[in-house]
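Chains, contacts and geometry: an overview
If you want the building blocks of each chain, they are given just below.
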Amino acid sequence: MFEIPDDRKYLESHEWTTTEGDAVKIGISDFAQDELGDVVFVELPAEGDELAAGEEFGVVESIKAVSDLYAPVSGTVTAVNEELFDAPELLNDDPYGDGWMLELEPADESEFDDLLSPEEYREQTE
Amino acid sequence: MNFDQARFSRDDEYEPLLSEKDSTTVEVDSEGVLPDDLTRDELTLPALSEPQLARHYTRLSQMNYSVELGPYPLGSCTMKYNPSFTEDVAADPNAGVHPDRSDRTIQGTLGLLHGLQEYLADIGGMDAVTLQPPAGAAGEFTGILVAKAYHESRDDDRSEIIIPSSAHGTNFASAAMAGYDVVELPSDDDGRVDMEALDAAISEETAALMLTNPNTLGLFERDIVDIAEMVHDAGGLLYYDGANLNALLGRARPGDMGFDIMHYNVHKTFATPHGGGGPGAGPVGVVEELAEFLPSPMVRETAAGYEQYEPESSIGKVHGFAGNWLVLVKAYAYIARLGDAGLADASAKAVLNANYLASQIDLEVPYGPFHHEFAATSGDRDAADVAKRMLDYGVHPPTTKWPELVSQAMLTEPTEVEDKASLDDLAHAFNAAYADSDEALETAPTKTSARRIDQVSAARNPRLSWQALGDDE
């Protein structure tokens, strides 16, 4: 069983986002890191970049595959987890904690309604 | 066949680098034409005798696996043996011509270039061929630039190139580098172009469709004539990736199928060295309507002899002079030696060898009928582990986990150069590795000079050569 915390929402493409506060955090799920295997490289946008919901915002590369990352909601990037550049294994070790990727200031809170709930995402991964 | 690769090591350290064997500081006479701040007074060099040097390189070569030792069946990469007579031809002192000499004084050189243009045009069913691009991928990029120049000359602004998802990665890169948006095309259940998806993808924005035929699974695109018509009706061009031309050589021509532009991988089809290992060549053929856009110079025959010229609306140069001349000499020599019958025989054997090998292995091959290559699947066993285990049976394994259409894919292309005994060795390696225990697979290879590589550490902490050199400072 993969860990799927109840305090956030998910995309079919396995990204998660928190939903509370001025800035939300974005990352990839436990299921995603397990499917990818050992992550060796992460490419992320810069602070201040504008993202649109569903837009590609970066790339994660493991020894098995290269995958695009998709923005769960629209908004402005307010912080980037630069530790991932030197220690991409954080994505494998702690995908919901130290392995966070971005902080985003959401442009349109209603977009959260289009995302998968933890239950819906759990069904998808089973 | 029993296999144990040579392994030269002391205390598990491999054959040392030359600089580790000896470093002697020598004084250099720096009096010369260069300014003082660009020259050094002393140099540190390995001072070794000739036998020390000869043994060093011979040991390295014995710890290596090459196509001169056994098969190298990397599907879609076509690693085949290059006959050495082409090296002899290229080494002829007469081939060493300065590129700035006047046309009048190098008629033989120009005649050979012209002859190769004609050979390739004839083989591909194209009207004009440029020999200038220095590699297959450079040929692709050149071909797409030609397509772009063609559309621009008609004030026809198009923004998209359609590429099947199973295509070679270079296709996507070439289209993107030329400034196009890529539209990815899914495969249908048979592994071929999904005609409905193609119909939906084609629009007035379509600059070109890039295809390889047979495709990456070795399957012939049977609908190619309809595909060509659909693309042309929308005002687009059809691009042929020559990666899999080996299956068609002397039997079918991209030009006759409706393709407008193609590149030739002379290293795959005409046995020149691979571009990555030195200078390569990736000639591009086009139909009459596109000939005016080809890179300059081209060679033509006039009443006064051969001459170089610039096509009317040339996209310019993609490489210096006529391209990598000595590689072109090798391609010419190979084609001339084989002749029409030999080329047709090469494609027959490429297809026969792939089909014989597939019939001898215990792994399932989900898609067919295939031509010169096939994608087997290792099912519930990890394709990379099976591949590493195959090394212990004395062969190079196939391409693994690609194309993604086949899960745990082992994309295999034995090429026309292997004989039955060699194909049987390959089949034995496939079957023995596939049947081995989980433990044998997870710890393989055990008989090679280098054992299992720690891929994660290698990718996370690469030891770059310029940094390694810096350590000595």
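Each chain has its residues counted from 1, following the order in which its sequence is written. Lettering of chains starts at A and numbering of ligands starts at 1, both following the order in which they are written. Only residues with pLDDT of 70 or above have their local features reported here, since the model is predicted, and side-chain atom pairs are shown and tallied only from 80 upward, although totals for entire chains, interfaces and linings are computed over all residues. Hydrogens are left out, water is left out, and the side-chain values use all remaining heavy atoms of the structure.

**A look at the packing of helix H4 (residues 107-124) of chain B against helix H11 (residues 325-360) of chain B**
All names here are of chain B. It is at 10 Å that the axes of H4 and H11 come closest, and there the two elements cross at 50°. When the axes of H4 and H11 are compared, the pair comes out oblique. Judged by the sense of rotation from one axis to the other, the crossing of H4 with H11 is left-handed. Where H4 approaches H11, its residues Thr109, Leu112, Leu113, Gly115, Leu116, Tyr119, Leu120 and Ile123 are matched on the opposing element by Trp325, Leu328, Val329, Ala331, Tyr332, Ile335, Ala336 and Leu343. Here the term charged refers only to Asp, Glu, Lys and Arg, the term nonpolar to Ala, Val, Leu, Ile, Met, Phe, Trp, Tyr, Cys and Pro, and the term polar to all other amino acids, Gly among them. Its residues assigned to classes, the contact of H4 with H11 shows 14 nonpolar, 2 polar and no charged. All axes here are fitted lines through C-alpha atoms, helices being fitted over the stretch that makes contact, and every angle between N-to-C directions spans 0 to 180 degrees. The numbering of helices and of strands both runs from the N terminus, where a helix is a DSSP run of H or I of at least 4 residues and a strand a run of E of at least 2. Oblique is the label for any angle not under 35 degrees, not over 145, and not in the 65 to 115 range, which are roughly parallel, roughly antiparallel and roughly perpendicular in turn. Note on convention: near helix rotated counterclockwise from far helix by under a right angle means a left-handed crossing. Clockwise means right-handed. When checking whether two residues touch, look at their non-hydrogen atoms; a contact exists if any pair is within 4.5 Å.

**A word on the sheet that holds strand S14 (residues 374-377) of chain B**
Backbone-to-backbone hydrogen bonds pair the strands of a sheet. The strands run either parallel or antiparallel. All names here are of chain B. Spatially, S14-S16-S15 is the arrangement adopted by the 3 strands of the open sheet, whose pairing is antiparallel. Each end of this open sheet is capped by a strand with a single partner; those strands are S14 and strand S15 (399-400). A pair of strands is labelled paired if DSSP reports no fewer than 2 bridges between them. Pairing of S15 with strand S16 (residues 409-412), which is carried by 2 bridges, proceeds in the antiparallel orientation. Within S16, the position partnered with Thr400 by the bridge is Met410. Docked against the sheet, helix H12 (residues 383-392) engages S15 and S16, running at close to 50° with respect to S16.

**A look at the UniProt feature "domain: Glycine dehydrogenase C-terminal" (unreviewed entry) in chain B**
Summarizing the sequence annotation, UniProt attributes the feature "domain: Glycine dehydrogenase C-terminal" (unreviewed entry) to residues 346-439 of chain B in the numbering used throughout. Between the first and last C-alpha atoms of residues 346-439 of chain B the distance is 40 Å; the span itself is 46% helix and 11% strand. UniProt positions are given in the numbering used here, feature names are shortened, and annotations may be inferred rather than shown by experiment.

**Examining the sheet that holds strand S11 (residues 284-286) of chain B**
All names here are of chain B. Here we have 7 strands laid out as an open sheet, ordered S5-S11-S10-S9-S8-S6-S7, and mixed in their pairing. Edge positions in the sheet fall to strand S5 (128-130) and strand S7 (181-185), since each has one partner strand and no second. Between one strand axis and the next, the sheet turns through 20° on average, direction left out of account. Across 3 bridges, the pairing between strand S9 (residues 237-241) and strand S10 (residues 261-263) is parallel. What sits directly across from Tyr240, in S10, is Met262. Against the sheet, helix H5 (residues 136-153) engages strand S6 (160-164), strand S8 (206-211), S9, S10 and S11, with an angle of about 175° to S9. Where helix H6 (residues 169-177) meets the sheet, its contacts fall on S6, S7, S8 and S9, and the angle it forms with S6 comes to roughly 175°.

**A look at the pattern of salt bridges**
All names here are of chain B. Salt bridges are identified by distance alone: a Lys or Arg side-chain nitrogen within 4 Å of an Asp or Glu carboxyl oxygen. For the structure on display, the rule yields 17 salt bridges over all chains. In this structure, Asp256 engages Arg253 in a salt bridge whose closest nitrogen and oxygen atoms are separated by 2.9 Å. What makes Arg253 partly exposed here is its relative accessible area of 29%. Two residues, Arg452 and Asp385, come together in a salt bridge whose shortest N-O distance is 3.1 Å. Linking Arg452 in the loop between helix H14 (438-443) and helix H15 (455-460) with Asp385 in helix H12, this pair joins segments that are 67 residues apart in sequence. Here the term buried applies to any residue with accessible area under 20% of the maximum for its type, exposed to any over 50%, and partly exposed to those in between, with areas from a 1.4 Å probe on protein chains only.

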